[in-house]
Every structure is written in structure tokens, then in C-alpha cells.
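Remarks on the overall topology
Next come the chains, spelled out residue by residue.
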Amino acid sequence: MSDTLVTIIAIFSAAVLMFIFPLMTLADRNDDITELAIQTATDELVSEIVKTGKLTEDSYDSFISKISSSEVYDVQLEFQILDENPAKKASQSAGTVKIGENVYFSEYTTKILDEISRENGPKAYYLKKGDIVTIKVKNSSETLAQVLRNIYYKVTGNDTYVIYGSSSAMVTVDGK
């Protein structure tokens, strides 16, 4: 009886070592490659927005089609709009001098997407020089590596994500 038990344990251990660990490693490498592709696509979109000063519906749709080939992703957009209305103080010798700091207010994903998908009007969100663009992307569906890791390690949670990409830059030109 003990020889049979040892044989079963040995076969099970061999199966785990021969199949499960290589599969987990392959799935992890696939997630790394996917994360690199997501980061590259996010960098390209931010670079395009910074250089043109606008986010168009076509460029956003192209970005979404690039990243959503295999998984479902949560895309968060944030545009920090420069409010150039600081307090001014008149000086007799130097003319008008600006006093105070530049203040930013933020526009988020819902408002931005509503702006670029309006039926009438420009299909773009225009920015000006000095505005800050931030885009964050993370997977919202489980990858094969997450499923295997959750089975093997019993690691679970609602906020766990493996694939993440973010990029941020300051706009260098006026969009209009």
C-alpha cells in the first residue's frame, strides 16, 4: 500500500513539475509582453496628444482597438487644464506682474469621451500649451497567469491586476 501511495505522489509531483510550472511561466511571460504592448500604445497616444494638442475620436478608437485585442482593459483619462487666471498686480515700473501660482483643474474620462463623441460639433477635445495629459490602463479581466496563480497560491481579490500601463506629459502646442 505504501509503495502505491509513493508512486501516486511521485506521478502527481512529476505532472506538476512538467506541466503546471512551465505553463505558469509561459503565461507570466505572455503577461509581460502584453504589458509592454499596452505601455507602448499608451505612450504613443500621449505623445500624439502632446504633439497635436487634441484627442480625436479616431485616435482614441484606434488606441482602444490596439489594446483590446485579447483582454478587457479599464482606461482612465485625466486632462489637467491650466487655468491661466492668477491674481494680477499693477506695478508702475514693470507694468503688469502676475502674482500667484498657476492652477489646474481636472477633466476625467466620462467628460472627455462625451466631448469627443458629440453628434454635432468637433469630434475632438482641444488642449492648450501647458495642459497635462495622463492616461492609465489596467486589465479588468483575468489573464491565464492570474487564473493559474489564483488556483495554485489561492491569491484572490477584486483589485488585483497584472497588466498596467500609464503615461503622462505636458502639452507643447495649442490644439486649435
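Residues numbered from 1 in each chain as written. Predicted model: local features only at pLDDT ≥ 70, side-chain atom pairs only at ≥ 80, totals over all residues. Heavy atoms only, no water.

The next thing to look at is the pattern of salt bridges. The tally for this structure, following the rule as stated, stands at 6 salt bridges. Its salt-bridge partner being Lys 128, residue Asp 131 comes within 3.6 Å of it at the nearest N-O pair. (Salt bridge = Lys/Arg side-chain N within 4 Å of Asp/Glu carboxyl O.)

Turning to the side chain of Asp 31, a few remarks are in order. When you line up the elements, Asp 31 lands in helix H1 (residues 2–52). Setting aside chain neighbours within four positions, we find Asp 31 in contact with Thr 143, Ala 145, Val 162 and Ile 163. (Helix = DSSP H or I, 4+ residues; strand = E, 2+ residues; numbered from the N terminus. Contact = heavy atoms within 4.5 Å.)

Taken together, the side chains of Met 18, Phe 19 and Ile 20 present a nonpolar region at the surface, about 320 Å² in accessible area. Within the fold, Met 18 resides in helix H1. (Patch = residues over 30% accessible without salt bridge, like charges linked within 9 Å, V, L, I, M, F, W, Y side chains within 5 Å. Areas by Shrake-Rupley, 256 points an atom, 1.4 Å probe, with all protein chains shown as cover.)

Now for helix H3 (residues 109–116). For H3, the set of buried residues is Thr 109, Ile 112 and Ile 116. All buried residues of H3 fall inside an arc of 70° around its axis, so they share one side. When the buried face of H3 is taken as reference, the exposed residues oriented beyond 90 degrees from it are Thr 110 and Asp 114. The inward-facing, buried residues of H3 abut strand E1 (54–56), helix H2 (57–67), strand E2 (73–83), strand E5 (103–108) and strand E6 (124–126). (Buried < 20%, exposed > 50% of the residue type's maximum accessible area, 1.4 Å probe, protein only. Arc of directions from axis to C-beta.)

On to the packing of H1 against helix H4 (residues 144–153). Running from N to C, H1 and H4 point in directions that differ by 140°, and their axes come no closer than 8 Å. Considered as vectors, H1 and H4 are oriented oblique to each other. Here the hand of the crossing between H1 and H4 comes out left-handed. Note on element contacts: H4 touches H1 through Leu 144, Ala 145, Leu 148, Arg 149, Tyr 152 and Tyr 153, opposite Phe 21, Leu 23, Met 24, Ala 27, Asp 28 and Asp 31. The residue makeup of the contact of H1 with H4, split by class, is 9 nonpolar, no polar and 3 charged. (Axes fitted to C-alpha atoms, helices over the stretch in contact; angles between N-to-C directions. Parallel < 35°, antiparallel > 145°, perpendicular 65-115°, else oblique. Left-handed = near helix turned anticlockwise from the far one by under 90°. Nonpolar A, V, L, I, M, F, W, Y, C, P; charged D, E, K, R; others polar.)

Taken residue by residue, the protein chain gives an average pLDDT of 83. The fraction at 70 or more is 86%. Per-element confidence in the protein chain ranges from a low mean pLDDT of 52 for strand E3 (residues 88–91) to a high of 94 for strand E7 (residues 132–139). (pLDDT = per-residue confidence, 0-100.)

Our focus in this paragraph is H4. Buried residues of H4: Ala 145, Gln 146, Leu 148 and Asn 150, and no others. On its buried face, H4 sits against H1 and E7.

With that out of the way, let us pick up the sheet that holds E7. In space, the 4 strands of this open sheet follow the order E5-E2-E7-E8, with antiparallel pairing throughout. In this open sheet, the two edge strands, each paired with only one partner strand, are E5 and strand E8 (164–170). Averaged over all adjacent pairs, the angle separating strand axes in this sheet is 15°, with direction ignored. Across 7 bridges, E7 lies against E8 in antiparallel orientation. Counterpart to Ile 132 in the pairing with E8 is Met 170. Of the strands in this sheet, E2, E7 and E8 touch H1, which is tilted by about 20° from E8. (Pairing = 2+ DSSP bridges.)

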